[in-house]
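# Summary of structural features
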Amino acid sequence: AQRVTQPEKLLSVFKGAPVELKCNYSYSGSPELFWYVQYSRQRLQLLLRHISRESIKGFTADLNKGETSFHLKKPFAQEEDSAMYYCALKKGGSNYKLTFGKGTLLTVNP
Amino acid sequence: SAVISQKPSRDICQRGTSLTIQCQVDSQVTMMFWYRQQPGQSLTLIATANQGSEATYESGFVIDKFPISRPNLTFSTLTVSNMSPEDSSIYLCSVEDREQLFFGSGTQLSVL
């Protein structure tokens with residue numbers, strides 16, 4: 001069965017510092033990986049997906065199949081990045097049933 | 001993007017009672033999903049609800065406990081039956097639209 005691990009429950013950085021939220025997965029096939037974000041008092045929403053290879057709000061994430069990782073990175077954190085971040089996996093070819101990690105609460109301090 | 005209205009937003013219920021959560025989407029969608037998020041835990045998929053067919057439940061979830069209706073392409077309900085304190089969670093409705101999931105605002109359920 002597939003599994004998503006986010007080793008850090010909490011991550012605190014200062015504004016302007018680089019940030020990396022870790023995500024590791026286990027799945028024997030070809031997965032699709034996503035990052036979802038939930039800002040305070042807002043609903044969960046998609047931040048980015050690996051197949052798009054895009055940068056959203058300055059965040060990027062690269063799928064590393066050798067290390068089975070999909071870490072989320074941003075070179076210069078902003079206070080408005082403070083939120084709960086969830087890494088999620090979809091089995092290749094399946095419908096949109098996602099397996100989520102437990103989430104990392106990012107706090108960016110002024 | 002799909003806009004989802006979910007209600008109630010929160011409720012406090014007595015043990016042994018049932019609560020029905022409603023999910024309304026502003027567009028027609030094929031697949032709707034119900035997730036549970038227990039305190040400090042990840043989102044766990046309860047079931048997939050497709051219009052015109054029985055819901056498909058994930059391991060550990062059964063229809064008697066979480067009956068789901070999907071009468072049309074824009075609406076679904078999830079009932080949490082015979083509740084116990086262990087059912088205290090956030091319940092989330094989501095839909096797949098244009099290759100991504102959209103989520104409702106969630107129902108925070110507390111069972112006394």
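Criteria and thresholds
- Going along each chain's sequence as written, the residues are numbered from 1 onward.
- Each chain is given a letter, starting from A, and each ligand a number, starting from 1, according to the order in which they appear as written.
- Residue-level local features of this predicted model are given only where pLDDT is at least 70; pairs of side-chain atoms are given and counted only at 80 or more, and the full residue set underlies all totals for whole chains, interfaces and linings.
- Note that water and hydrogens are dropped before the side-chain values are worked out from all heavy atoms of the structure.
- For the purposes of this entry, the term helix denotes a DSSP run of H or I that reaches at least four residues, the term strand denotes a run of E that reaches at least two, and both are numbered from the N terminus.
- The buried label goes to any residue with under 20% of its type's maximum accessible area, the exposed label to any with over 50%, and the partly exposed label to all in between, with areas taken from a 1.4 Å probe on protein chains only.
- Here, residues are in contact when the closest pair of their heavy atoms is within 4.5 Å.
- Two strands qualify as a pair provided that DSSP identifies no fewer than 2 bridges between them.
- In the sections that follow, a salt bridge refers to a side-chain nitrogen of Lys or Arg positioned within 4 Å of a carboxyl oxygen of Asp or Glu.
- We call a pair of cysteine sulfur atoms a disulfide whenever their separation is within 2.5 Å.
- In this description, buried area is defined as the sum, over both parts, of the accessible area (probe of 1.4 Å) that is lost when the two are combined.
- N or O atoms within 3.5 Å of each other form a polar contact, as long as, within protein, one can give a hydrogen and the other can take it, and as long as residues adjacent in sequence are counted only when both atoms are side-chain atoms.

## Details of the environment of Leu47 of chain A
Residue and element names in this part refer to chain A. The residue Leu47 is located in strand E6 (residues 45-49) in this model. Judged by its relative accessible area of 5%, Leu47 is buried. A C-alpha to C-alpha distance of 17 Å links Leu47 and Val4, two positions 43 residues apart in sequence. Setting aside residues no more than four positions away along its own chain, Leu47 makes contact with Trp35, Tyr36, Val37, Ile56, Phe59, Leu72 and Tyr85.

## Observations concerning the sheet that holds strand E7 (residues 60-61) of chain A
All names here are of chain A. Pairing is antiparallel in the open sheet, where three strands are placed in the order E3-E8-E7. What marks the edges here is a single partner per strand, and that holds for strand E3 (19-21) and E7. Across two bridges, the pairing between E7 and strand E8 (residues 72-74) is antiparallel. Opposite Thr60, over in E8, you have Lys73 as the bridge partner.

## Here's the deal with the pattern of salt bridges
One pass over the structure, following the stated rule, counts seven salt bridges over all chains. With a closest N to O distance of 3.1 Å, Glu20 of chain A and Lys22 of chain A form a salt bridge. Taking relative accessible area as the criterion, Glu20 of chain A reaches 28% and is therefore assigned partly exposed. With a relative accessible area of 28%, Lys22 of chain A lands in the partly exposed category. Arg98 of chain B is the partner of Asp97 of chain B in a salt bridge, and the nearest nitrogen-oxygen pair spans 3.4 Å. For Arg98 of chain B, a relative accessible area of 58% gives the class exposed. Ionic contacts of the salt-bridge type, sharing partners, join the residues Glu20, Lys22 and Lys73 of chain A into one network.

## Quick word on the pairing of strand E10 (residues 100-103) of chain B
Residue and element names in this part refer to chain B. Burial along E10 is two-sided: Gln100 and Phe102 and Leu101 and Phe103, pointing in opposite directions, are all buried. Examined bridge by bridge, strand E9 (residues 89-97) and E10 share four bridges and lie antiparallel to one another. Its bridge partner lying in E10, Glu96 is registered against Leu101. Taking the residues between adjacent antiparallel strands as the criterion, E9 and E10 are bridged by two residues, where Arg98 takes a positive phi near 50°.

## Details of the state of the cysteines
All names here are of chain B. The full count for this structure, using the stated rule, is two disulfides over all chains. Disulfide pairing places Cys23 opposite Cys93 at an S-S distance of 1.8 Å. Residues Cys23 and Cys93 share a disulfide whose torsion about the S-S bond is about -60°; that sign makes it left-handed. Placement of the pair is Cys23 in strand E3 (residues 19-25) and Cys93 in strand E9, with a sequence separation of 70 residues.

## Overview of the interface of chain A and chain B
Of the residues lining the interface, 13 residues belong to chain A; the matching set on chain B comes to 20 residues. With both chains or domains summed, chain A and chain B bury close to 1600 Å², and 54% of this area falls on carbon and sulfur atoms. At the junction of chain A with chain B, the criterion picks out one salt bridge. The interface formed by chain A and chain B contains eight residue pairs in polar contact (both at pLDDT 80 or more). Sorting the residues of the side of chain A that touches chain B by element identifies E6 and strand E10 (98-100) of chain A as the ones contributing at least two each.

## A closer look at unusual backbone geometry
Residue Pro8 of chain B follows Lys7 of chain B across a cis peptide bond; omega there is 0°. In this structure, Pro8 of chain B sits in the loop between strand E1 (4-7) and strand E2 (10-13). Positioned with a positive phi, Lys57 of chain A is a non-glycine residue whose angle comes to about 55°. Its place among the elements puts Lys57 of chain A in the loop between E6 and E7. Accessibility expressed as a relative area gives 48% for Lys57 of chain A, which makes it partly exposed. The phi dihedral of Thr68 of chain A falls on the positive side, at around 45°, and the residue is not glycine. Tracing the chain through its elements places Thr68 of chain A in the loop between E7 and E8. Residue Thr68 of chain A is classed as partly exposed on the basis of its relative accessible area, which comes to 28%.

Keep in mind these values describe shape, not function.
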